[in-house]
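This is what each chain is made of:
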Amino acid sequence: MTIAVGPAISDSRGRELEMRDIDLFQQALGLMPPWIVLKTRFDAEARRLDIDISFARGAKFICPSCGAPDCPAYDTIDKTWRHLNFFQHEAYLNARVPRIDCKTCGVKQVGVPWGRPDSGFTLLLEAYMMAMVKSMPVAAVSRLANEHDTRLWRVVHHYVEDARERGDHSAVTRVAFDETASRRGHDYVTLAVDLDAKRVLFVADGKDAKTIEAFAEDLEAHGGDPESVTEVCIDMSPAFIKGIGESLPKAEITFDKFHAVKIVNDGVDKVRRSEQKITPVLRNTRYIWLKNEDNLSTQQRETLGGLSGSNLKTARAYQIRLTFQDFYDLPSREVAEVFLKKWYFWATHSRLPPMIEAAKTIKRHWDGILRWFDTRIANGLLEGINSLVQAAKAKARGYRSNRNLKAIIYLIAGKLELQLPT
Ligand SMILES: [Zn+2]
C-alpha cells in the first residue's frame, strides 16, 4: 500500500508506514479482536484495494446456532465482501472465515461483524446502496456501483422482507385500497394503505376480490385483526366490494370521492363525444370539459364561458357534473342527502343517457357515497403514494417482476424500519 507514501520514502521507513496503514484500516473498519487486518494490496491499474483479514491464532468463537461460547476454529473458508469504495477504487475485504465444530450443533460457519455471510457486500456498503435505491432507480445504482442489478435486488429484498416481517399492524383500523398498473396496463397491483399511519401496509398482485383476502391474511400475520378494520375507502369496483364483504366483515365502505366524480365526468365525456359528430364547435374541447376551471388557460376559459351557457347537451351534462362536485362541499350528511336526491332527479331527467347511467351508478352506491360525510376519508393520500410509485416506475426501466416493484413500493411508501448499520 503506497498511495500516501510515494517512492521517495526509504525502505526502512516504508516498512514502518506499511505497519501504520494496517492499523489505519483496522481502526477505520472498526475491527475488534480476534479480527485483524493482515495486509493490504493496492492495484492502481485494476483500481482495486484488497484488505485481507484474519483472526488471531487460538481465537475462540461463539456458535451462531446455540450461542455456545469458546468454540475453537475447526477449519476456514475464504470469503470476499465488497466494501465502500476507497476513493475511486473498488475495495474488497477478504477473510478467512472460521467454521467451528460445536458440541451441540456440529460444524457451523461463524458470523463476521462487517457483513452478512452470503451477501458479498459489507453491511456499510449495503446501507449505502439502500439509501441510494430509495432516491434513484436500481438500474442507475447498479451502473454507479458497477455491480449487476440482480445482486442489488437481492440486497433490497433482504432488507425489505426483514423489515416487513417485523412490522406491527395491530393498530390498523382504517384502510384505503386502490389498484395501479404495474406494467403498461397489463398487470395490476393493489395497494392497501393505512389511512392513519399513512403508509403502504400491503401490496397484492391483481385487482380482484382475492387482493382483499390476501390483505386480511397479511394483516393477521402482522398482529392485526381483520375484524378491527372498521372503515375502508375504495372505488366502486364490484371486486373490491365483494372482497370487503368476505374478508373485512366489520368494515363500513366509503366510496372514494375522486372516483365518484370521475364516474360523472366520464358521463360528460360520452355526451360530448356523441354530440361533437354533429356539432363541430365542440371539436378539441375535451380537456375543457373534463378539467376544473381553475386548471384551464385564459383562452380555454373563454371557450368554456361561451359554450357552457349554451343549449348544447355537453353544456347541460357539464352543469350536472359541476353540481355533483358541489355536493362534496356541503356541511352535513343530512343536507347532502337532500341535495343528492335532487341532483339524482335532475340527472335522471336530463334525457342524456350517459348522465342517467352515471346517476344510477351513484344511486347504487348511495350509502357508501354519503358515508364520506361521516368519515371524510378519501384516496387522496393514496393518489399521492401512487404518484411516488409512478415516478419510481418511470425511472426504473425493467422492473423485471412485480416482486421488484412491490419491494420498491414498500421501501418508499411503507415507512419500514430497516435494520441497517449507521
Ligand atoms: Zn451450537
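The following paragraphs examine the structure supplied in this document. Numbering of residues starts from 1 in every chain and runs along the sequence as written. At least 70 in pLDDT is required for a residue's local features to be given in this predicted model, at least 80 for side-chain atom pairs to be given and counted, and no such filter applies to totals for whole chains, interfaces and linings, which use all residues. Calculation of side-chain values draws on the structure's entire complement of heavy atoms; hydrogens and water are dropped beforehand.

Below, the discussion takes up the coordination of the zinc ion. Protein-derived ligands of the zinc ion are Cys63 (SG), Cys66 (SG), Cys102 (SG) and Cys105 (SG), with the metal-ligand distances lying across 2.2 to 2.4 Å. Metal-centred angles of 104 to 113° between the 4 donor atoms at the zinc ion mark the site as tetrahedral. Taken in chain order, the donor set of the zinc ion reads C-x2-C-x35-C-x2-C. Partly exposed residues are those whose accessible area sits between 20% and 50% of the maximum for their type, while under 20% is buried and over 50% is exposed, using a 1.4 Å probe and protein chains only. The partly exposed category is assigned to Cys105, whose relative accessible area is 27%. Water is not part of the atom set, so a site may look incomplete; the donors themselves are N, O and S atoms within 2.8 Å of the metal, or 3.2 Å for Na, K and Ca. Geometry is assigned from the angles between donors: four donors with all angles from 85 to 135 degrees make a tetrahedral site, four or six donors whose opposite pairs exceed 155 degrees while the rest stay between 65 and 115 make square planar or octahedral sites respectively, and everything else is labelled irregular.

Moving on, we come to the nonpolar core. Throughout this description, the term nonpolar core refers to a set of buried Ala, Val, Leu, Ile, Met, Phe, Trp, Tyr and Cys residues connected via side-chain atoms within 4.5 Å. Formed by 90 residues in total, the largest nonpolar core has its most connected members in Phe177, Leu248, Phe324, Phe327 and Trp343. Examining the composition of this core, we find that 7 residues originate from one element, helix H16 (residues 402-413), more than from any other. The residues touching Phe324, leaving out its near neighbours within four places in the chain, are Ala260, Val261, Val264, Leu340, Trp343 and Ile362. Core analysis: the second largest hydrophobic core is formed by 24 residues, Ile22, Leu49, Ile53 and Ile100 among them. We count a stretch as a helix when DSSP gives it H or I for four or more residues in a row; a strand needs E for two or more, and each element gets its number in order from the N terminus. Whether two residues are in contact is decided by their heavy atoms, any of which lying within 4.5 Å being enough.

Attention now moves to unusual backbone geometry. Each neighbour pair has its own omega, and for Pro33 with Pro34 the value is 10°, a cis peptide bond. One non-glycine residue, Lys198, lies in the positive phi region at around 55°. Its place among the elements puts Lys198 in the loop between strand S8 (187-194) and strand S9 (199-205). Not every positive phi belongs to a glycine, and Lys415 is a case in point at roughly 45°. Looking at where Lys415 falls in the secondary structure, it is placed in the segment after H16. Lys415 gets classed as exposed once you look at its relative accessible area, which sits at 53%.

Okay, the packing of helix H9 (residues 298-308) against helix H10 (residues 313-327) next. Inter-axis angles, ranging from 0 to 180 degrees, are taken between N-to-C directions of lines fitted to C-alpha atoms, where helices are fitted over the stretch in contact. Closest axis-to-axis distance for the H9/H10 pair is 9 Å, and the angle between their directions is 105°. Between H9 and H10, the angle is such that the two are roughly perpendicular. Facing Leu304, Leu307 and Ser308 of H9, the residues of H10 in contact are Ala315, Tyr318 and Gln319. Put simply, Ala, Val, Leu, Ile, Met, Phe, Trp, Tyr, Cys and Pro go in the nonpolar bin, Asp, Glu, Lys and Arg in the charged bin, and everything else, Gly too, in the polar bin. Here the contact of H9 with H10 is composed, by residue class, of 4 nonpolar, 2 polar and no charged. An angle below 35 degrees is read as roughly parallel, one above 145 as roughly antiparallel, one from 65 to 115 as roughly perpendicular, and any other as oblique.

Between 30 and 60 degrees the pair is tilted, below 30 it is stacked and above 60 it is edge-to-face, where a pair is any two Phe, Tyr or Trp rings, Trp via its six-membered ring, whose centres lie within 6.5 Å. On inspection of all chains with the given rule, the structure shows 18 aromatic pairs. Between Phe55 and Phe61, the ring centres sit 5.3 Å apart and the planes meet at 85°, which makes this aromatic pair edge-to-face. Assessed through its relative accessible area of 7%, Phe61 is described here as buried. Measuring from centroid to centroid gives 5.2 Å for Phe327 and Phe373, while their planes differ by 75°, and the two rings are edge-to-face. Highlighted residues: Phe327 in helix H10 and Phe373 in helix H14 (residues 372-375), separated in sequence by 46 residues.

What the 5 strands build is an open sheet, ordered S9-S8-S7-S10-S11; its pairing is mixed. Bordering the open sheet on either side are S9 and strand S11 (252-255), each of which pairs with just one other strand. Averaged over neighbouring strand pairs, the angle between their axes works out to 30° when direction is ignored. We treat two strands as partners when DSSP finds at least two bridges between them. The sheet contact formed by S8 and S9 spans 6 bridges and is antiparallel. Within the sheet, the bridge partner assigned to Val193 lies in S9 and is Val200. Those strands touched by H16 are strand S7 (174-183), S8 and S9, and its axis lies near 170° from that of S9.

Keep in mind these values describe shape, not function.
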